[in-house]
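Results of the structural survey
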Amino acid sequence: MFKDTYDVIVVGAGHAGSEAAAAAANMGSSTLLVTMNLQNIAQMSCNPAMGGIAKGQILREIDALGGYSGLVSDTSAIQFKMLNKSKGPAMWSPRVQSDRMLFSQHWRERLEQTENLDFYQEMVSGLIVLNNQVTGVKTSLGLEIKAKTVILTNGTFLNGLIHIGDKNFGGGRAGERASFGITKELEDMGFEAGRMKTGTPPRVDGRSLDFTKMEEQTGDQQPWKFSYSNETKSLKEQRSCWMSYTSQDVHNILKEGFDRSPMFNGSIKSTGPRYCPSIEDKIHRFADKDRHQMFVEPEGWNTVEYYVNGFSTSLPEDIQFKALQQCAGFENVKFFRPGYAIEYDYFPPTQLKHTLETKLVEGLYFAGQINGTTGYEEAASQGLMAGINAALKVKEKEEFTLSRSEAYIGVLIDDLITKGTEEPYRMFTSRAEYRTLLRQDNADFRLTAKSFDIGLASSERMKLMEDKKEKSDAFVDFFKNQSVTTDEINPILEEKNSSKVDQQGKLFKIFARPNITMQDMRKLKSVENFVKEHDLDNEVLEQVEVQVKYAGYIEKEKLNADKLNRLENVKIPEHFDYSLLKSMSFEAREKLTKIKPRTVSQASRVSGVNPSDVSVLLVHMGR
Amino acid sequence: MIHTDTIVALATASGSGAIAIIRISGAQALELCTPLFYAKSGVSILDQKSHSLQLGTIRNGERILDEVLVSVFRGQRSYTGEPTVEISCHGSSFIQKEIIQLLISKGCRAAQPGEFTLRAFLNGKMDLSQAEAVADLISSDNSASHQLAMQQMRGGFTSQLKELRQELLDFASLMELELDFSEEDVEFANRDQFQALVLKIQKVLSRLIDSFAVGNVIKNGIPVAIVGEPNVGKSTLLNALLNEERAIVSEIAGTTRDTIEDEISIGGIGFRFIDTAGIRETQDTIEGLGIQRTFEKIKQSQVIVKLIDTPKVFDQNHDLIPEEWQRVKEDIQQLREAFPERPFLLLANKADLLTDANKEILRADFKDLLFISAKAKTGIEAIQEQLLSYVDAGALRNNDSIVTNSRHYNALLLALEEINKVQEGLNQGLTTDLLAIDIRQALYHFGEITGEVTNDELLGNIFANFCIGK
């Protein structure tokens, strides 16, 4: 029934599993994707949106590496927004509202078109492990499928328990069964498991809402897109979102249900995401705020279903309904389904290596929520990295990892395996030491060549990136060398209230002024001619604008990153005996023995390891 | 790289002295010394109690090298945290060398600079900032710099910087929050409060940076230029000052034959006296460079002491010789004009040869003239008081923080530079993410001082600053 032995088996077909399967298969590994329901590939279990602050950057990185999430996000988008355009370029964050059904459909189509990839619908209930090496999986029907590597991407399905008010039932997602067996088996092998919680708001019928009472949130006038490839186009038409607010009345009604809330009556003990709190959590923690905002987001082009962002809740459904009715525009609201909370098993990610392979069992990889993360983008990027590394392992090639100064994906994985996480881990720009280097506009420069070298990113992508680089460099040089006369430039400066120049000078200096934009520059004939002549697209124009305007900051961050990399280069031998370091604190020795950092730099990020411990380590490593 | 070998070095200053101490540290310290030492009591080092002394001889085969005292420190209860033997021998350089060479031939390794302290650090006997302070402590040669080094060892101004760093960090976190939740309605960092904090930090940093000059002076001694012709009594004055304190610290040959530098501790503060020729004399010499050279030397000083050979301006009848006095006054005026900012101490030497009337005449021109006699040792206390009054030692006495470590000084300068950028950014309405770069950078430099960041370059530096044997 199955191939004798697969190179890679991916368990679960959410965002992590789908990327993992695509990456492994595209790198030439014979791959099997096993999921409990093939109708729900890359399901958006929560909000119908991709990207956002820090997450948009990750999505661009996935695309630059040759993953599918960016492409699918583009083709299933119904609205595009570049967030934070008024801030520096490190903060510019692309986000789309997605057509939920289209998203899933396009993912499935892409996977079906991927060579080396087989599908099977069944619940994986266990692993086959021989001498600490994984050799395959067992299914609930008793089948055994052999594989050289296995990637677990179980999401919220492992012993998933759904809560609505004081009712709870097993499930992995609304309307889907939970998965049993794997946690117990892994624990028996010596893995440590934990429990986490997340939640989702109610979905409502758009026909029952009065949008005239809400504020319209439109997409960008000139929408962008995620993928660096030419395969996708930016949106011509967009759908709007809407904004409404809760009120004191709403809060009062919600409070009536607190005694039946699983969050407050003790039936949920696990930790939820502090940064994505439920509405009951918000009114409990920020008691002095008399209102909270809600974004009302359409679930697709051709559906009346809406997602009430900001109203995540596990209160009893009657309370959810009564409270929402008090919100502006929701007076006659009809529910498609109530919000709920879900508890699930995860495995503290400090049990993993940088490749996402487990330290305990060779060939076994974890990706996504099983590692304690939250978010589609976080999951997808882990899946991609696990898929790549499983494929490389099968081919007996060197592992593929990204550093903290190279990619948000590098920050994410390093954080997970070094520090672990006590609550669902979400990416923030502030988690990156050098966010000015990790921008959404340069993910291709940072990553595409690396991915091409390991055989994932296509040669077309590589060519596109090189072409963009060449054109950008040439355009930057143009600004450095091209002079402009006072007559040409002063009217433009005057218009922008920027002080006039009294002599001819290079364009670069003027462009570098804070409020002068590419648009202003293009009013100059010489600039516009250059753009036309070299057929420069938006990617190049944006790239050049960032490079010129933020040159000083980028340079500074590069220098700082080099400093960090110096410690990154001080390697720690794999079986280093920390008990020899008498001057190191006991806690540090214990933590380091467990985490087994590869470099002094990584060691310095382990919690409980303080700078003097790092000094001891450095001195021992011969520094 | 775990240290297992046994190291040896001279622990006292090199050169000859009454006694010298040779330190041997490492797992094999006791074993290596045992066959070389013949105790009077007959007890071998291996049987000697920890933290005890024994008299005996060190022998190379049959040959007795010296009669010595041997201290033994067993287990981890030593400076380095390793078994240690200290041999107190006689202070001749020859004997020191003989014993050390003998130990090396028996399997010890000559220690690197700072290696004993490095081992103490690695064995958990002290932390990094303590190790750094030890280096300063060893090189401190007057009570003020000793006090500074102790202050640093106890934490000193770093605790104040730690607080400021924490405040800055708190604001930085708020601003980061603001960035990552720009879409949600969270509380933003209050810009006015932040401005106030930035101003406060600027003030503290500037003060600490300024204190470096003071600290440096205290650490290295305050340079004092003594201006006066030969035979005016400069050496006698120095000796008089010395005799009072009996605390000569060093005697460094000057760059020219006629210049010597003496460091004298007065009231716990080091003063470095730079002898310069008088102006008149150099004016008379053919080489026009002479006066320039004198002025160069005075430039290096922070205090000018002008010594007048007062009996010379009076004749045998104790009457003033106006032209002589005029020349002296011109000299003084020229000096004062050239160095208007320098404290200027005017000493009328050989005052015991003057009449009260003579003194009145001179005082009429210079109210602050001090009448002394170096030879008779009168007025010496007044000089000391006067010199001390020039020192901004107020800071020290008030327990204010003074920066003496040049690494700290550099980090403070860099931190201030970043903070200034932050302020500029705030004034120009720079976006938060760019502001954050400068803040992070400032935090880094703060952390370099408070030990909250690890800097690999720094580590090498600290131990490299030690001399061998420490």
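Residues numbered from 1 in each chain as written. Chains lettered and ligands numbered in written order. Predicted model: local features only at pLDDT ≥ 70, side-chain atom pairs only at ≥ 80, totals over all residues.

**Notes on the overall build of chain A**
For chain A, the count of helices and strands is 21 helices and 22 strands. Relative to its length of 623 residues, chain A is compact, with a C-alpha radius of gyration of 26 Å against a globular reference of 25 Å. Projected onto the principal axes, the alpha-carbon positions of chain A cover approximately 80 × 70 × 55 Å. Counting over 623 residues, chain A shows a buried share of 53%. (Helix = DSSP H or I, 4+ residues; strand = E, 2+ residues; numbered from the N terminus. Rg over C-alpha atoms; globule rule 2.2 N^0.38 Å. Buried ≥ 20, exposed ≤ 12 C-beta atoms within 10 Å, placed from the backbone.)

**Structural notes on the overall build of chain B**
Across its full length, chain B carries 17 helices and 14 strands. With 470 residues in all, chain B has 40% of them scored as buried. Relative to all contacts within chain B whose residues are 6 or more apart in sequence, the contacts with residues 24 or more apart total 65%. (Contact = placed C-beta atoms within 7 Å.)

**So, the sheet that holds strand S4 (residues 77-83) of chain A**
All names here are of chain A. What the 3 strands build is an open sheet, ordered S3-S5-S4; its pairing is antiparallel. The open sheet has two edge strands with one neighbour each: strand S3 (49-51) and S4. Averaged over neighbouring strand pairs, the angle between their axes works out to 20 degrees when direction is ignored. Across 3 bridges, S3 lies against strand S5 (residues 93-98) in antiparallel orientation. Its bridge partner being in S5, Gly-51 is matched across the sheet by Arg-95. (Pairing = 2+ DSSP bridges. Axes fitted to C-alpha atoms, helices over the stretch in contact; angles between N-to-C directions.)

**Remarks on the domain arrangement of chain A**
Residues and elements named next belong to chain A. Annotation of chain A at the domain level lists domain 1 (6-199 + 344-453), domain 2 (203-340), domain 3 (459-557) and domain 4 (569-620). Just the C-alpha atoms count here: the centres of domain 1 and domain 3 sit 39 Å apart. The partner domain 3 presents 12 residues to the 14 residues of domain 1 that form the contact. Tallied by class, residues from the side of domain 1 that touches domain 3 come to 6 nonpolar, 5 polar and 3 charged. (Domains from an automatic or database assignment. Nonpolar A, V, L, I, M, F, W, Y, C, P; charged D, E, K, R; others polar.)

**Here's the deal with the pairing of S5(A)**
Residue and element names in this part refer to chain A. Among the 6 residues that make up S5, 6 are buried, leaving the element largely enclosed by the rest of the structure. Burial of the side chains of S5 extends over both faces: Ser-93, Arg-95 and Gln-97 are buried on one face and Pro-94, Val-96 and Ser-98 on the other. Pairing of S4 with S5, which is carried by 6 bridges, proceeds in the antiparallel orientation. When the bridges of S5 are listed, Phe-80 appears paired with Val-96.

**Quick word on the nonpolar core**
Ranked by size, the top nonpolar core spans 147 residues in total, and within it Val8(A), Ile9(A), Ala20(A), Val150(A), Ile151(A), Ile388(A) and Tyr408(A) carry the most contacts. Of all the elements, helix H9 (residues 376-394) of chain A adds the most residues to this core, at 11 residues. Here Ala20(A) is in contact with Val10(A), Ile151(A), Thr153(A), Ala367(A), Gly383(A), Leu384(A), Ala386(A) and Gly387(A), once residues within four sequence places are set aside. Of all hydrophobic cores here, the second largest spans 50 residues; its members include Leu618(A), Val619(A), Ile45(B) and Ala120(B). (Core = buried A, V, L, I, M, F, W, Y, C linked by C-beta atoms within 7 Å.)

**Quick word on the environment of Lys184(A)**
Residues and elements named next belong to chain A. Positionally, Lys-184 belongs in helix H5 (residues 182-189). Using a count of 15 C-beta atoms within 10 Å as the deciding quantity, one classes Lys-184 as partly exposed. For the pair formed by Lys-184 and Met-462, sequence separation is 278 residues and the distance between their alpha carbons is 44 Å.

**Some thoughts on the packing of helix H15 (residues 406-428) of chain B against helix H16 (residues 432-450) of chain B**
All names here are of chain B. Running from N to C, H15 and H16 cross one another at 160 degrees; their axes reach a closest spacing of 8 Å. Relative to H16, the element H15 lies roughly antiparallel. Judged by the twist between their axes, the crossing of H15 over H16 is left-handed. Packed against H15, whose contacting residues are His-408, Ala-411, Leu-412, Leu-414, Ala-415, Glu-418, Ile-419, Lys-421, Val-422 and Gly-425, the element H16 presents Leu-434, Leu-435, Asp-438, Ile-439, Gln-441, Ala-442, His-445, Phe-446, Glu-448 and Ile-449 at the interface. Its residues placed into classes, the contact of H15 with H16 shows 12 nonpolar, 4 polar and 4 charged. (Parallel < 35°, antiparallel > 145°, perpendicular 65-115°, else oblique. Left-handed = near helix turned anticlockwise from the far one by under 90°.)

**Topic: the pairing of strand S12 (residues 303-309) of chain B**
Residues and elements named next belong to chain B. Most of S12 is tucked away: 6 of the 7 residues are buried. Two elements, strand S8 (residues 222-227) and S12, share 4 bridges in a ladder whose sense is parallel. Counted as the bridge partner of Ala-225 is Ile-304 from S12. Note that S12 and strand S13 (residues 344-349) share 6 bridges and pair parallel. Bridged to Lys-306 within S13 is Leu-346.

**Some points on unusual backbone geometry**
The backbone of Glu396(A) shows a phi angle near 55 degrees, a positive value even though the residue is not glycine. With a phi angle near 60 degrees, His318(B) is a residue other than glycine that sits in the positive phi range. One can find His318(B) in the loop between S12 and helix H11 (322-338).

**Considering the environment of Asn497(A)**
Residue and element names in this part refer to chain A. Relative to the helices and strands, Asn-497 is located in the loop between helix H13 (486-495) and strand S22 (505-506). A residue is classified by how many C-beta atoms lie within 10 Å of it, and Asn-497, with 7 of them, is exposed. As for Asn-497 and Ser-234, which are separated by 263 residues in sequence, their C-alpha atoms are 33 Å apart.

**Brief notes about the sheet that holds strand S7 (residues 109-110) of chain B**
Residue and element names in this part refer to chain B. Spatially, the 7 strands line up as an open sheet ordered S3-S4-S5-S6-S2-S1-S7, and their pairing is mixed. Taken across any chain shown, the strands that pair with only one partner, and hence form the sheet edges, are strand S3 (37-39) and S7. Here S3 pairs with strand S4 (residues 52-60) via 3 bridges, running antiparallel. When the bridges of S4 are listed, Ala-39 appears paired with Gly-56. Most of the contacts of helix H2 (residues 93-105) go to strand S5 (residues 63-73), to which it runs at about 70 degrees, and overall it touches strand S1 (7-10), strand S2 (19-25), S4, S5, strand S6 (84-90) and S7.

**Let's talk about the confidence of the model for chain B**
Per-residue confidence for chain B gives a mean pLDDT of 79; residues scoring 70 or more make up 77%. Predicted confidence is poor over residues 244-260 of chain B, with pLDDT under 50, and the contacts of this stretch with residues over four places away or in other chains come to 28 contacts. (pLDDT = per-residue confidence, 0-100.)

**Quick notes on the environment of Ala27(B)**
Residues and elements named next belong to chain B. Take Ala-27: it is sitting in the loop between S2 and helix H1 (29-33). The spatial distance from the C-alpha of Ala-27 to the C-alpha of Thr-6 is 6.3 Å, given a sequence separation of 21 residues. In this structure, Ala-27 is in contact with Thr-4, Thr-6, Glu-82 and Pro-83, ignoring residues within four places of it in sequence.

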